[in-house]
Every structure is written in C-alpha cells, then in structure tokens.
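# An overview of the molecular structure
What follows is the residue order along each chain.
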Amino acid sequence: MNLHTLRIFTNVAKLGSITEAAKLLHISQPAVTIQIRKLEREIGVKLIEGKGRGIQLTYEGEFLYEQGLRLFHLEEQIDDKFKSFLEKKENIKIASSYISTNYILPPIIAGYKSKNPNIDMYVSLGNVQSVERHVLDYKVDFGFVVQSNIGHEDLSFEKILDIPFWFVVHPAHPLANKKVSIFELSEHDFIYRERGSSTLDLMEAIFYTHNCPLPRFGLQIEGVLESIKVVEAGYGMAIAPACSVKEKLLQGSIARVFVDQVEISQSLFCCTRKVDKVKHPFIQYLKMNLGNLEI
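The structure presented is a predicted model; accordingly, all values stated were derived computationally and were not measured.

What counts, and where the lines are drawn
- Residues numbered from 1 in each chain as written.
- Predicted model: local features only at pLDDT ≥ 70, side-chain atom pairs only at ≥ 80, totals over all residues.
- Heavy atoms only, no water.
- Core = buried A, V, L, I, M, F, W, Y, C linked by side-chain atoms within 4.5 Å.
- Buried < 20%, exposed > 50% of the residue type's maximum accessible area, 1.4 Å probe, protein only.
- Helix = DSSP H or I, 4+ residues; strand = E, 2+ residues; numbered from the N terminus.
- Domains from an automatic or database assignment.
- Axes fitted to C-alpha atoms, helices over the stretch in contact; angles between N-to-C directions.
- Parallel < 35°, antiparallel > 145°, perpendicular 65-115°, else oblique.
- Left-handed = near helix turned anticlockwise from the far one by under 90°.
- Contact = heavy atoms within 4.5 Å.
- Nonpolar A, V, L, I, M, F, W, Y, C, P; charged D, E, K, R; others polar.
- Buried area = accessible area lost by both parts, 1.4 Å probe.
- Salt bridge = Lys/Arg side-chain N within 4 Å of Asp/Glu carboxyl O.
- Polar contact = N/O pair within 3.5 Å; in protein donor to acceptor, adjacent residues only side chain to side chain.
- Phe/Tyr/Trp six-rings, centres within 6.5 Å; stacked < 30°, edge-to-face > 60°.
- Lys NZ or Arg CZ within 6 Å of the ring centre and 35° of its normal.

## Side note on the nonpolar core
Judged by nonpolar contacts, the single largest core of 60 residues is most densely connected at Phe144, Ile163, Phe167, Leu185, Ile206, Ile239 and Phe282. The element that contributes the greatest number of residues to this core is strand β6 (residues 155-169), accounting for 8 residues. Of the domains in this structure, domain 2 (83-161 + 267-292) and domain 3 (164-265) are the two that each give at least three residues to this core.

Dropping the structure here:
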C-alpha cells in the first residue's frame, strides 16, 4: 500500500471533505479523488461514499482510517524519539485515568524527575477508554488505568497494585457509619459516574455479583472529586477510592458506609502496546517505589 495515498485518504477522512483535504495538502481536488479511487482499486473495497457536500466512510473506510492514524502517530513518535537522541533530551508521554493521576503518579513522577532532570514528562488525563485509545494510537508511550475488566486485545496490562474503594455519604445520612447489607444500599439514592468510567463498571459489578438490584439513580456526574463534593453537600451516596476520601473522613465532612461481607478494590494497571517488547525505565522505577506509596 502506498503511504502517500494512505496519507491523502487519512486527511480526507479526518476532515470529512475532499475539498478541505486538497486545500490542506496543497494539491488539486481531482488529484485527491484520483488517489482515493486508486487506493480503493488497490485494496478491492469502497472506502468513502458521497453525503451531501461531504463524504461518509464505509465500514472498511473507518477501519483503514483508524489504522492510518495509528501509523502516522507512530511515524511522529519515531521522529520525536530520534530528535531526542540527537538533542540528548528524552521525553515521556503518559496517559492516565483520574485516580492514578491524582493519587499514585505525583510522588513517583517527582522522584523520577529528580533523578532524571533532562527528561521532559507529559501526562494527559482521561477515562479508561480514552487512555487505551491514546496508547493504541501511539499518542503516548504508555498509560495507567484503574479498572476491574481488562480492555483492548491489542494492549498488554500489567497489574501494579490494588486500590480499596469505599461507600461514602454525608454524616447526616441514615446509613452514615453503619454496617449494612448490600441490599440496603440499593434502597438509597446513588451518584452514578459517566459511562466509560471504571468506577461505574465497579459499582455495577458489585451489585450484579451479589444478585442485588442497582441502587436508585440519583444523578450522574463526571469525576471522582465531583461526586464526593455532591456527597459533602448533603446528597446521596457514592463509591470512591479510599485514597480520595481519607482526609475528608478525618475532617468529618463525609462518613463511610460499611457493607457486610463486601470488600471492594480495583487494580491499577500499566497499559502498553503488545508490539512494544521493552519495558520503559519509568515503569521499572514505579514498581521499585510502590512500597513508599500510601494508598
């Protein structure tokens, strides 16, 4: 497959327009169309269809677009890596979900930077799905996710540690500081996380595992901290990582609900591409310093 033609197709798919792609690439619109048709003949499938003034990708076109993006992101990563070799300056790009970004990585990153001051580090925040996508698309070197279900088949997941989760409520809530059955929890208003959140997956798994109805839907909100703030303000119940609520429990602004015979935790995984065989020194450093973390 000709990479020049694939690059043209990828730009057409990204912009949703042959005209806009031609402007971006500084070539004529007919030349773009010719290259797309040439590519379709080469691989034997139709990639785009007309839709009004724009275009629509076929199923095969969507697949090729996704793979093309990965390929050209990898190309950029290779260029960046060799620039760093020439400049003798390395950079590390990490994608991470909220819990690891806020409670696990900061002391590790600080220690690693102290030992390696010439390495530039970039950390992007996202949910499990976006972290996986960034790793797959070569936008980052590796990612960290907290989840109960291992994700994409093209990624490797190495367990780093287990993180306990607690049910929390306002101190005035009728279940505050009480030990109850999981069935009693389902009778109260619950703060749901957004779809794609590992915390939502965990909550659903807990109730399904115990053949218990899901708790009453109170509201849905994005973010661990945001859901805890709603509880602090006096509404509903949430499930949150213990590391995110310990200080507030000591302050008395929230309280725990203890669930009989239910211990909840999720695992923190380091997420890498299966094609990458070499373990990054930062991951080795993280594993060596896990004992210094207070989770």
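## Description of the packing of helix α9 (residues 224-232) against helix α10 (residues 242-251)
Two elements in contact, α9 and α10, have axes whose closest approach is 11 Å; the angle formed by their N-to-C orientations is 30 degrees. With respect to each other, α9 and α10 are oriented roughly parallel. Relative to α10, the crossing made by α9 is right-handed. Packed against α9, whose contacting residues are Val224, Ile228 and Glu232, the element α10 presents Ser244, Val245 and Lys248 at the interface. Taken together, the residues of the contact of α9 with α10 break down into 3 nonpolar, 1 polar and 2 charged.

## Observations concerning the domain arrangement of the chain
Assigned domains within the chain: domain 1 (3-68), domain 2 (83-161 + 267-292) and domain 3 (164-265). In this structure, domain 2 and domain 3 have C-alpha centres spaced 28 Å apart. If you look at the interface, domain 2 gives 9 residues, while domain 3 gives 9 residues. Summed over both sides, the interface of domain 2 with domain 3 buries roughly 870 Å², with 65% coming from carbon and sulfur. The interface formed by domain 2 and domain 3 contains 0 salt bridges. Counting the contacts that link domain 2 with domain 3 gives 1 residue pair in polar contact (both at pLDDT 80 or more).

## Section: the packing of aromatic side chains
One pass over the structure, following the stated rule, counts 11 aromatic pairs. With a centroid separation of 5.1 Å and an interplanar angle of 85 degrees, the aromatic rings of Tyr112 and Phe282 are classed as edge-to-face. Separated by 170 residues along the polypeptide, Tyr112 in helix α5 (residues 98-115) and Phe282 in helix α11 (residues 281-288) bring together distant segments of the chain. Residue class for Tyr112 comes out buried when judged on its relative accessible area of 6%. Ring pairing ties together the aromatic residues Tyr112, Phe142, Phe144, Phe282 and Tyr285, which thus form one cluster. Note that Arg256 overlies the ring of Trp166, its terminal NZ or CZ placed 3.9 Å from the centroid.

## Section: the pattern of salt bridges
If you walk through the whole model with that rule in mind, you get 15 salt bridges. Across the pair Glu75 and Arg7 runs a salt bridge whose closest N-O atoms are separated by 3.0 Å. Of this pair, Glu75 sits in helix α4 (residues 59-87) while Arg7 sits in helix α1 (residues 3-15), placing them 68 residues apart in sequence. The partner of Arg193 in a salt bridge is Glu194, with the nearest N and O atoms 3.1 Å apart. Note on accessibility: Arg193 and Glu194 belong to one class, buried. One network of salt bridges, with partners in common, ties together Glu66, Arg70, Arg133 and Asp137.

## Digging into the packing of α5 against α11
Two measures define how a pair of helices packs: the angle their axes make with one another and the distance between the axes. Two elements in contact, α5 and α11, have axes whose closest approach is 10 Å; the angle formed by their N-to-C orientations is 120 degrees. What the angle tells us is that α5 and α11 run oblique. As for the relative orientation of α5 and α11, their crossing is right-handed in sense. Residues Leu105, Ile108, Ile109, Gly111, Tyr112 and Lys115 of α5 touch α11, and the partners they reach there are Pro281, Phe282, Tyr285 and Leu286. Classifying every residue of the contact of α5 with α11 gives 8 nonpolar, 1 polar and 1 charged.

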